[in-house]
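Chain and residue survey
Each chain, written out:
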2 protein chains.
Amino acid sequence: MASMSSPNPEALAAEVAAQSALVNDLRKQQADAATVEEAKKKLGDLKRTLALAQNAANGGGKGEKKKERMLLKTPKGTRDYGPGEMFCREHVERIVKDVFTTFGGSQLDTPVFERKEVLTGKYGEDQKLIFDLMDQGGEQLALRYDHTVPLARYLAMSGGITNQAKLWQVGKVYRRDNPVMSKGRMREFSQADFDIAGSFDPMIPDAEIISLVCTILTRLDVGEFTIKMNHRKILDGIFEVCGVPSEKIRTISSAVDKLDKMSWADVKKEMTDEKGLDAAVADKIGEYVKHKGGRELLDVLKADAALMANPNAKAGIEDMSLLFTYLEAYKVLDKISFDMSLARGLDYYTGIIYEAIVEASAPPGFKAANAFASSSTTPSVANDTPPPAQAPAKKPKKKAAGAEEEEEIDESQVGVGSIAAGGRYDNLVGMFTAAAAGEGKKAAGLPCAGISIGLDRIFALVWPKWAEKGMRSKETMAFVMAAGDGLLAERVGLVRELREAGIKTDFLFKAKPKLPAQFAAGEKDEVPFAIILGGDELKEGLVTVKEQRWQFVDGKKVKVESNDKGTKVKRAELIQWIKDTPTFKEWSSGKLIA
Amino acid sequence: MASMSSPNPEALAAEVAAQSALVNDLRKQQADAATVEEAKKKLGDLKRTLALAQNAANGGGKGEKKKERMLLKTPKGTRDYGPGEMFCREHVERIVKDVFTTFGGSQLDTPVFERKEVLTGKYGEDQKLIFDLMDQGGEQLALRYDHTVPLARYLAMSGGITNQAKLWQVGKVYRRDNPVMSKGRMREFSQADFDIAGSFDPMIPDAEIISLVCTILTRLDVGEFTIKMNHRKILDGIFEVCGVPSEKIRTISSAVDKLDKMSWADVKKEMTDEKGLDAAVADKIGEYVKHKGGRELLDVLKADAALMANPNAKAGIEDMSLLFTYLEAYKVLDKISFDMSLARGLDYYTGIIYEAIVEASAPPGFKAANAFASSSTTPSVANDTPPPAQAPAKKPKKKAAGAEEEEEIDESQVGVGSIAAGGRYDNLVGMFTAAAAGEGKKAAGLPCAGISIGLDRIFALVWPKWAEKGMRSKETMAFVMAAGDGLLAERVGLVRELREAGIKTDFLFKAKPKLPAQFAAGEKDEVPFAIILGGDELKEGLVTVKEQRWQFVDGKKVKVESNDKGTKVKRAELIQWIKDTPTFKEWSSGKLIA
């Protein structure tokens, strides 16, 4: 980091502005990655120097007072969800849970934190993103990073035998990553997982899970989506055939996984410069991983004698053949893209891996890459043109240890990314069982496969549609008012009866409110039934009900004007009267759309 | 702590056993608290010495290998919930959420962790139970301790103005307390909160919340319950009238709060010995706080001239009078106990406070104490008999800083405790607004009242009833089988159609399973409809449906034997056929009881 003996904040601020403009220009000109990176590094240094200089300038004077002010915010990478958003999120969660149980799943819940050793060594390069708890005496704890490792721990504790083959979990998980809030990339985020544990005939559970995720994404109305699929054994076979040393296979695999966000040139650079792979080996890999397509891609692979001679590749290709047969029975073939560059970062996968992406969520390079994919219906593994360079979407840079500077991420360059991902992990439960049994003990494993659905990313896709439609944020059906002298006891009495009958009801918390104030309170929540109590009417056993409607015009909710003076209804018959209205039936059937 | 120069593990183990027996004897004999405490302290010392000695003995030899074994467990004070339990918990949560929305509430969600300064200084003596996150660079974070402080932070961030007066939250909160797992006292636990924010006419929101909690507890079928109520201003008034120095009011208040678990003698001891209160002042307090009763207790207080001359007490008593009027309109008076010893530990309450307890949840002393309460319908504030000593239920001892020794808690001596609690906190939002505005700034507050429902404690009451009834742990309605040669594609095809029609369906993940194996798989989940595909029947467009039933006999689920050979149904009409059965209708109406 640059350091100056007598920094001048104003001059530094000007330098920061100039450097920032330069970085933007370089980006627009699609300058090569190294140049952009260097310019950005300088920008970062300048910003830190400026911050120090400003701090020093404030230190002696008025800065003191400012320090005492509390910063009212949620922690970095987290956020609150208010009423309207939660109404939408509950709707999303309800659909996901309904499909989980429709597919025969049983729910599991594990703690938000685990003993540190449970989480250590399972995530590969993502390991460093784990949130640790402070040592306050006792166990070393950390926040869970996903639902898969806690599930495996649970299954191992159950002795590797589970009474239920299908388990699902919905809850928050935590990663100390660089957040891109607008796209649903958070440090605290919600995942819905569905896993199948047990020894069954090959590829049937895997097909079941792909059918499950297709059903959920279809019902959630996230728009067109694609399930990208690949197989770890095919990838490993390719790496072996191309000559990757065995100890480098996982790290090279994680470089390949970045092909959806980085150009081949950058990925190759990472393989060779950062990871020390021979350039010729990298080029061979490039030939294989550029292929995307459908079932017919299997024929191309089967024709590759070198690949078929590799036991890993052969096993993976056979699995894929069987899987395609089952996916046809599930009628989801049109959603599938066999994508040989898909690798997934996590260490624990052992077989098929998959990832769901939606058109709307893809980074800018997505459409072009897909066009290439659809043109490769007759791919050739011996094709010598390298994969096309994709738009240089900025890859979030790794954070320096200890530094908490907000990374400069150009949000327009980042898509929602995959909205669901998973795969087969046959060894994870066995790893726990073996670790618990002690060194050298052999332990029975438990084959598993599962998927994680990113609820925040789905929310980021669904919420704008809800907001556009001007959805209500609650379901209150009746608002009880008094025309007379407050009538608080009478209002409370009727509210109580309506609620007891299952009618969501509210009233204004004033002892003697005026009628317009009560109407305004009910209208704020767009409550359809205004129920008005009057002293004389009440004596006759009557109340007045006025149904109110709203329209969404030019992005604003407007009450539909009406000359309706209301309907007089017998108080004793009010509950049934409301329940018989089309409006009430529509809402209680779950038809929530305004 | 005792320390020995040459400890002998065997001899120490014998000493521990003897001391443990002594402690139990003393408890049975209801020996005085100090004697029991001393014996327990010695027991703790002996145990620690034994652990050290055992450690030392293992250090040189075989202990090494053991250390490498992973401990497969959830962190202290947390647990997993498996399928059957989660089915029950979802049922509890669904009822709670339904009542929340029936009362006009909107959902809010805040992060599981907050910036440390947000949580600091709001909980009083409980402050030390906060879980901190490790400093990994950046913000100092801690896990939330309740939903109230995050809600206040949210409201302050919204500028103290909320569009929705009624907000609810359901989620996990964290306390580094001593767990009593069997009673639902956990370090990670689920709370459901409902709060009303805004300036309304006095006591109407408070009455609304008490009506809400009565509705929830009635619908949850937790058994008989009581809402204990008191008012912070009445308590403060009493402390002032009795002569408690103002700086000691909160700490004396938290001592009074322990009267439901400790005898008056022990509470007085805490006030005088630990907290330095004059014994005569303590005795005066004792006269007031022993009173429990209904509305008539207000007349007794109003007749106390010294109390009515205190502005705090007078204001509190007037609030209580008004509240009782409203609770009558809500028809919940029979649930209320005005309990002058109720104080609640948290610092932020400013007005009425309440706590729901159930018969089944109370510690052993509860019945006796309640008998005393019901006999005090005409209490006298000048009565000079002290409150009766209750059964000396063991109070969890405060943990020494840094020590993580499992405290010895006799679980049979601990009740589930309060299952819901809350009150009015008019200054908390204003505290945040003021802190954010900086020193000396005046900020508008936002009056609030709310309740927290302890979902784990409710689960601890409801779950044994479910387990007794032998409830299912999932709702799968149909299991598709093949009588012929596997028919995997045909099974998958039908499964897919049934699921699409909303019928929860499963099948066995084998390519060519035998029929008995498929029946066994369906029966494990107690699936009511077995649907059998046969090659010839399928050609005729027919399937066989066999409805199966289970009984719960002597604590075991038994399939009801039947000679029914099944019904042949047209495949094209199968979905409607199933939906028309009483069994399907019963399940889809939410009538889950087996």
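Residues numbered from 1 in each chain as written. Chains lettered and ligands numbered in written order. Predicted model: local features only at pLDDT ≥ 70, side-chain atom pairs only at ≥ 80, totals over all residues. Heavy atoms only, no water.

Here we take up the relation of the copies chain A and chain B. Both copies of the chain are related by one operation, a rotation about an axis with a shift along it. For the pair chain A and chain B, the relating rotation is 180 degrees, the translation along its axis is 0.0 Å, and the fit reaches an RMSD of 0.2 Å. Interpreted geometrically, this transformation is the action of a two-fold axis. Comparing contact sets, 100% of the residues at the interface of chain A also lie at the interface in chain B, consistent with an isologous, same-surface contact. (Least-squares fit on C-alpha atoms with pLDDT ≥ 70 in both. Contact = heavy atoms within 4.5 Å.)

The next point concerns the pairing of strand β10 (residues 420–424) of chain A. Residue and element names in this part refer to chain A. When you tally the buried positions in β10, you get five out of five residues, the bulk of the element. Pairing of strand β9 (residues 352–358) with β10, which is carried by four bridges, proceeds in the antiparallel orientation. Bridge pairing links A356 to A420 in β10. Bridge count for β10 against strand β11 (residues 448–454) is five bridges, and the pairing is antiparallel. Bridge assignment links A421 to a residue of β11, and that residue is S452. (Buried < 20%, exposed > 50% of the residue type's maximum accessible area, 1.4 Å probe, protein only. Helix = DSSP H or I, 4+ residues; strand = E, 2+ residues; numbered from the N terminus. Pairing = 2+ DSSP bridges.)

Applying the stated criterion to the full structure yields 79 salt bridges over all chains. The partner of E90 of chain B in a salt bridge is K97 of chain A, with the nearest N and O atoms 3.3 Å apart. In this pair, E90 of chain B sits in helix α4 (residues 83–102) while K97 of chain A sits in helix α4 (residues 83–102), so the two residues belong to two different chains. Classification of E90 of chain B as buried rests on a relative accessible area of 16%. The exposure class assigned to K97 of chain A is buried, which follows from its relative accessible area of 16%. Its salt-bridge partner being E85 of chain B, residue R79 of chain B comes within 2.5 Å of it at the nearest N-O pair. Salt bridges linked by common partners bring K228, K292, D339, R344 and E355 of chain A together as one network. (Salt bridge = Lys/Arg side-chain N within 4 Å of Asp/Glu carboxyl O.)

Core analysis: the largest hydrophobic core is formed by 142 residues, its most contacted members being F100, I210, M229, M271 and I285 of chain A together with I531 of chain B. Of all the elements, helix α7 (residues 204–220) of chain A adds the most residues to this core, at 10 residues. Within the second largest apolar cluster, 112 residues are counted, among which are M477 of chain A together with A192, L235 and L297 of chain B. (Core = buried A, V, L, I, M, F, W, Y, C linked by side-chain atoms within 4.5 Å.)

Right, let's talk about the environment of V23 of chain A for a bit. Residue and element names in this part refer to chain A. Structurally, V23 is set in helix α1 (residues 9–28). Separated by 15 residues in the primary sequence, V23 and E38 place their C-alpha atoms 9.3 Å from one another. Excluding anything up to four places from it in sequence, V23 contacts A39, K40 and L43.

For the coordinates displayed, the defined rule picks out eight cavities of 30 Å³ or more. In this structure, the largest cavity occupies an estimated 740 Å³ of space. Residue lining of the largest cavity: 35 residues in total, with V170 and G171 of chain A together with E93, V170 and G171 of chain B positioned closest to the centre. Put simply, the parts of the chain that give the lining of the largest cavity at least two residues each are α4, β4 (166–174) and α17 (455–469) of chain A together with α4, β4 (166–174) and α17 (455–469) of chain B. Of the residues assigned to the lining of the largest cavity, the class counts are 15 nonpolar, six polar and 14 charged. Along the walls of the second largest cavity sit 11 residues, with G137, E139 and L141 of chain A together with F131 and R176 of chain B positioned nearest its centre. Residue classes in the lining of the second largest cavity are distributed as four nonpolar, three polar and four charged. (1 Å grid on protein atoms, 1.4 Å probe; cavity = no way out; pocket = protein on both sides within 12 Å on 5 of 7 lines; lining within 4 Å. Points joined across faces, edges and corners; volume = space filled by probe spheres on them. Nonpolar A, V, L, I, M, F, W, Y, C, P; charged D, E, K, R; others polar.)

Let us look at the interface of chain A and chain B. Facing 100 residues of chain A, the contacting portion of chain B comprises 100 residues. Both faces combined, the contact of chain A with chain B buries some 9,300 Å², and carbon together with sulfur accounts for 56% of it. At the junction of chain A with chain B, the criterion picks out 14 salt bridges. Between K166 of chain B and D506 of chain A there is a salt bridge, with its nearest N and O atoms 2.5 Å apart. Per-element tally for the side of chain A that touches chain B: the top contributor is α4 of chain A, with seven residues. (Buried area = accessible area lost by both parts, 1.4 Å probe.)

This next bit is on the pairing of strand β14 (residues 529–533) of chain A. Residue and element names in this part refer to chain A. Within β14, five of the five residues are buried, which leaves it mostly tucked inside the rest of the structure. The alternating pattern of β14 places F529, I531 and L533 on one face and A530 and I532 on the opposite face, and all of these are buried. As paired strands, strand β12 (residues 478–482) and β14 are joined by five bridges and run parallel to one another. Looking at β14, one finds that A482 is bridged to L533. Where β14 lies against strand β15 (residues 542–547), four bridges are found, and the strand directions are antiparallel. By the bridge assignment, A530 is partnered in β15 with K546.

Turning to the packing of α4 of chain B against helix α7 (residues 204–220) of chain B, a few remarks are in order. Residue and element names in this part refer to chain B. At a minimum axis distance of 10 Å, the contact between α4 and α7 shows a crossing angle of 150 degrees. Every pair of crossing elements has a handedness; the one defined by α4 and α7 is right-handed. Taking contact as the criterion, the partners of V92, I95, V96, D98, V99 and F100 in α4 are, on α7, L212, T215, I216, R219 and L220. (Axes fitted to C-alpha atoms, helices over the stretch in contact; angles between N-to-C directions. Left-handed = near helix turned anticlockwise from the far one by under 90°.)

This brings us to the domain arrangement of chain A. Residue and element names in this part refer to chain A. Looking at chain A, the domain boundaries give domain 1 (9–54), domain 2 (79–220 + 422–469), domain 3 (225–358) and domain 4 (478–589). Taking only C-alpha atoms, the centre of domain 2 and the centre of domain 3 are 24 Å apart. Between domain 2 and domain 3, the contact holds 34 residues from the first and 28 residues from the second. Summing both partners gives a buried area of about 2,400 Å² for domain 2 against domain 3, and 68% of it is carried by carbon and sulfur. Three residues stand out in domain 2 for area buried against domain 3, namely M203, I210 and G422, and they jointly supply 25% of the buried area on that side. One can count zero salt bridges joining domain 2 with domain 3. Between the two partners, domain 2 and domain 3, sit eight residue pairs in polar contact (both at pLDDT 80 or more). Of all the secondary-structure elements, those providing two or more residues to the side of domain 2 that touches domain 3 are α6 (148–157), α7, β10 and β11. (Domains from an automatic or database assignment. Polar contact = N/O pair within 3.5 Å; in protein donor to acceptor, adjacent residues only side chain to side chain.)

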